[in-house]
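What the coordinates show
Residue-level listing of the chains:
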Amino acid sequence: MLEVKNLTRCFEGPAGVIRALDGVSLDVAEGEFVAVHGPSGCGKTTLLLVAGGLLQPSSGQVTVDGEDPYRLPPEKRSRFRADKIGFVFQQFHLVPYLTVLDNVAAPSLAKPEPNADARARELVSRFNLEDRIRHVPAKLSTGERQRTALARALLNRPKLLLADEPTGNLDVENAQNVLQYFADFAKEGGAVLVVTHDTRAATYAHRMLEMQKGMLVAET
Amino acid sequence: MRIRHLVAKEIRHRKLSFGLGLLAVALAVGTLVGALTLLRGHDLRTQQILARKEAETKETMATLNDDVRKAMLRLGFNLVILPKGQNLGDWYADDYASKYMPEEYVTKLAHSGIMTVRHLLPSLQQKVKWPEKKRTIILVGTRGEVPDLHANPKKPMAQPVPRGKIVVGYEIHQSLGLSIGDKLTLLGRRFAVHKLYQERGSKDDITAWINLEQAQELLGKKGLINAILALECVCSWSGLPKLKADIARILPDTQVVERVSKARIRFQTRLKVGQRAKETIQAEKRSRAKLRSERERLASVLVVVAIVGSAGWIALLSLANVRERRAEIGVLRALGLRSRQILLLFLSKAVAMGLAGGALGFLAGFLVGRHLGMTAQHIGAQPAVQILFDPKLALLALVVAPLLTVVASWIPAIIAARQDPADILREE
């Protein structure tokens, strides 16, 4: 599902060029849950953004479902993301003025579908958020926010789920629940790439990759 | 979910920011609409004032014309026919002619068919010493009116004095203690007092009237007169030259002098009143035009300041909104929203702000402009509000306001649309 080959990404910094990704290659197959573990600043988020078609690599190739998003014009790449990829962020990034239901349905703005509302309700129910359906994010607990973000990522039935530190702000129980959702998603045939410094991900992931200084250094 | 739902929910969430933007739009549109309504009101008020003044003037002039016509009918105006050789300077100084003309002239004129002369009064007039009473008087010989055979008979304006009778002015009978029926001697002839005149405050008070024939005898002017009074000449002043020409044709050895009449004074006075009324209207027009020009100048400055100020304020608010929603923009882009959808998101909000602000501004501007522009509640039978309300102006407000907000929000919206979601998400 996701193929990353010899990926590099450089940034201009005050101290010169920083190689956030340095020859990274990895595959995530359908039904596979891969976790990338590493310390802060090792390039995990950059890897996720490049893999998600949001950040053009300096060199190397990214293929999602057999298609290189960076070969598409920007407008089509946006649609490509909406079709194929679901994102989950550490800060959840829920839209503050939308209710749980509206936040879950938000991806339908990019990919309008007639049954988007029903699908959003189904996901709200699946993530046990029915009682909170009319609440705005400020009224939710941290776990509820993350579950809402997860539900939103799944609205368009993506084939690839990308998560950046999804358990970073969660307590143990909620973190385990979230990792379990990823595992379940993979079990249903989706591909999951999670970047985290939470070692508990190893329990749920099929593979755990170690990243340091922009390079994948080990696999467990 | 649609973009419009997102816009509506965001507006509800950030009411203050939207409200401040809306007020700015309302201020700009209100100033524009207020200025235009004020000027429209001014124009209507001007029309109203001028129409009223013109109607009043027309009515006054109609009344004046009618008055003059009636006055002319009643008073006519008076002509004095004098011998041709009479020096007018002497005549004005002495108030009687020193030259003479045949008495038959009056008969000739009466039979001439001039319809505009109603009464002809021949007279022989002269200042004389009254030796019996040791005083000077004006002696007037009169035979009464000469009937005009061609005109309808009129009630005579002056009665003849019978032979042997005398009519005396106020000063004479007062100073001599005369009563009707008293006998007196004038230039050796005996006369009985026929009538005593009330005080007139003119030379009539020292005048005595006797029969024309007797006057001619006393003064040695047999068959002569020195003036013919033509009274109540029924014609307008524009016809006076023709009348004079007609008399000159009939009586070539005479000259015609117009005596100032009350009717003429009234006519001239009223002409002046009419002229003054017209000048007042012109002055009112000039004053209203000047006021409009001043208002127009002030309005144009205010409108420009309000529009530029509002646009700047809306641009700042939009920019702040973009900064505040940076994370939201990043995540929406990550979810697959295209940059033009982000642009649409911000511009839709601008349009909503423009429409709401435009409606509010129109209402406020209309009411303020109406209040300042005119005070009358009604124009004719119609309420002033109905006449002042201009649907085109409302439409203009609802077009201009969204245009203003879209233009003002354009750069912030472009900034939002061009934001790189990767940068945002990495920073967040």
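Worth saying up front: this structure is predicted, and the values here are computed from it rather than measured.

**Overview of a positive patch on the surface**
Residue and element names in this part refer to chain B. Taken together, the side chains of Lys133, Lys165, Lys183 and Arg190 present a region of like positive charge at the surface. With respect to the helices and strands, Lys165 occurs in strand β5 (residues 165–168). For Lys165, a relative accessible area of 31% gives the class partly exposed.

**Some words on the packing of aromatic side chains**
All names here are of chain B. Applying the stated criterion across every chain yields a total of 6 aromatic pairs over all chains. In this structure, Arg200 is placed above the aromatic ring of Tyr197, and the distance from its NZ or CZ to the ring centre is 4.1 Å. Across from the ring centre of Phe346, 4.7 Å away, lies the NZ or CZ of Arg325, which sits over that ring.

**A short note on the pairing of strand β8 (residues 207–211) of chain B**
Residues and elements named next belong to chain B. A large share of β8 lies buried, amounting to 5 of its 5 residues. Bridging between strand β4 (residues 135–142) and β8 involves 5 bridges; their strand directions are parallel. Bridge assignment links Thr142 to a residue of β8, and that residue is Asn211.

**A short note on the sheet that holds strand β9 (residues 215–219) of chain A**
All names here are of chain A. As summarised here, the arrangement of the 6 strands in space is β5-β6-β7-β3-β8-β9, forming an open sheet in which the pairing is mixed. Both outer strands of the open sheet, β5 (85–88) and β9, are each paired with one neighbouring strand and no more. With strand direction ignored, the average angle separating the axes of adjacent strands in the sheet is 20°. Where strand β3 (residues 33–37) lies against strand β7 (residues 191–196), 5 bridges are found, and the strand directions are parallel. Bridge pairing in β7 links His37 to Thr196. Along the sheet face, helix α2 (residues 74–84) touches β5 and β6 (160–164) and points at about 80° away from the line of β5. Against the sheet, helix α6 (residues 172–187) touches β3, β5, β6 and β7, its axis set at about 155° to β7.

**Focus: the nonpolar core**
Residues Leu6(B), Leu332(B), Ile342(B) and Phe346(B) are the most contacted members of the largest nonpolar core, which totals 49 residues. Taken together, the elements giving at least two residues each to this core come down to α1 (3–13), α2 (15–75), α8 (262–324), α9 (326–334), α10 (339–373), α11 (384–388) and α12 (391–418) of chain B. Of the residues forming this core, the biggest block, 10 residues, is contributed by α12(B). With sequence-adjacent residues up to four places away left out, Ile342(B) is seen in contact with Ile329(B), Leu332(B), Arg333(B), Leu337(B), Ala416(B) and Ala417(B). Residues Phe11(A), Leu26(A), Leu55(A) and Phe87(A) belong to the second largest nonpolar core, which totals 39 residues.

**Re the pairing of strand β2 (residues 16–28) of chain A**
With 10 bridges connecting them, strand β1 (residues 2–13) of chain A and β2(A) associate as antiparallel partners. Residue pairing in the sheet places Leu2(A) in a bridge with Val28(A) of β2(A).

**With respect to α9(B)**
Residue and element names in this part refer to chain B. With respect to burial, α9 is a largely interior element, 7 of its 9 residues being buried. Among all positions in α9, only Glu328, Ile329, Gly330, Val331, Leu332, Arg333 and Ala334 are buried. Downstream of α9 by one or two residues, Gly336 has phi in the positive range, about 115°.

**As for unusual backbone geometry**
Residue and element names in this part refer to chain A. Even without a glycine there, the phi angle at Phe92 is positive, about 70°. Its location among the elements puts Phe92 in the loop between β5 and α3 (100–105). A positive phi angle, close to 55°, is found at Asn128, a residue other than glycine. By secondary structure assignment, the location of Asn128 is in the loop between α4 (116–126) and α5 (142–154).

**Things to note about the pattern of salt bridges**
For the coordinates displayed, the defined rule picks out 34 salt bridges over all chains. Across the pair Arg121(A) and Asp117(A) runs a salt bridge, and its minimum N-O distance is 3.1 Å. Residue Arg121(A) and its partner Asp117(A) are both found in helix α4; the two are separated by 4 residues, about one turn of the helix. The exposure class of Arg121(A) is partly exposed, given its relative accessible area of 36%. For Asp117(A), a relative accessible area of 40% corresponds to the partly exposed category. Salt-bridge contacts for Lys53(B) lead to Glu284(B); the nearest nitrogen and oxygen are separated by 3.7 Å. With Lys53(B) in helix α2 and Glu284(B) in helix α8, the pair connects residues that are 231 residues apart, well separated along the chain. With relative accessibility at 19%, the residue Glu284(B) sits in the buried group. Here the salt bridges share partners, and the residues they tie into one network are Glu10(B), Arg14(B), Glu324(B), Arg325(B), Glu328(B) and Lys349(B).

**Notes on the sheet that holds strand β4 (residues 59–64) of chain A**
All names here are of chain A. Reading across from one edge, β2-β1-β4 is the order of the 3 strands in this open sheet, with antiparallel pairing throughout. Across the chains shown, the open sheet's two edge strands, defined by having one partner strand only, are β2 and β4. The sheet shows a mean angle of 25° between the axes of neighbouring strands, taken without regard to direction. Pairing between β1 and β4: 5 bridges, direction antiparallel. Looking at the pairing, Val4 lines up with Val62 of β4. Contacts between helix α1 (residues 44–51) and the sheet are confined to β1, β2 and β4, with β2 contributing the most and set at about 60° to the helix.

**Notes on α1(A)**
Helical geometry note: an α-helix holds 3.6 residues per turn, so side chains three or four residues apart project in the same direction. Residues and elements named next belong to chain A. Within α1, 7 of the 8 residues are buried, which leaves the element mostly enclosed by the surrounding structure. Turning to α1, its buried residues number three or more, namely Lys44, Thr46, Leu47, Leu48, Leu49, Val50 and Ala51. Phi turns positive, to about 75°, at Gly53, one or two residues after α1.

**Looking at the interface of chain B and chain A**
In many reports, interface size means the accessible area that the parts give up when they come together. Across the boundary between the two partners, chain B contributes 28 residues, which contact 28 residues of chain A. When chain B packs against chain A, the two sides together hide about 2,500 Å² of surface, and 66% of this comes from carbon and sulfur. For chain B, the biggest contributors to the area lost against chain A are Met1(B), Leu335(B) and Arg426(B); these three give 28% of the whole. Along the contact surface separating chain B from chain A lie 2 salt bridges. The residue Lys9(B) makes a salt bridge to Asp102(A) at a minimum N-O spacing of 2.8 Å.

What counts, and at which threshold
Residues numbered from 1 in each chain as written. Chains lettered and ligands numbered in written order. Predicted model: local features only at pLDDT ≥ 70, side-chain atom pairs only at ≥ 80, totals over all residues. Heavy atoms only, no water. Patch = residues over 30% accessible without salt bridge, like charges linked within 9 Å, V, L, I, M, F, W, Y side chains within 5 Å. Areas by Shrake-Rupley, 256 points an atom, 1.4 Å probe, with all protein chains shown as cover. Salt bridge = Lys/Arg side-chain N within 4 Å of Asp/Glu carboxyl O. Lys, Arg positive; Asp, Glu negative; His and termini not counted. Charge placed at Lys NZ, Arg CZ, Asp CG, Glu CD. Helix = DSSP H or I, 4+ residues; strand = E, 2+ residues; numbered from the N terminus. Buried < 20%, exposed > 50% of the residue type's maximum accessible area, 1.4 Å probe, protein only. Phe/Tyr/Trp six-rings, centres within 6.5 Å; stacked < 30°, edge-to-face > 60°. Lys NZ or Arg CZ within 6 Å of the ring centre and 35° of its normal. Pairing = 2+ DSSP bridges. Axes fitted to C-alpha atoms, helices over the stretch in contact; angles between N-to-C directions. Contact = heavy atoms within 4.5 Å. Core = buried A, V, L, I, M, F, W, Y, C linked by side-chain atoms within 4.5 Å. Buried area = accessible area lost by both parts, 1.4 Å probe.

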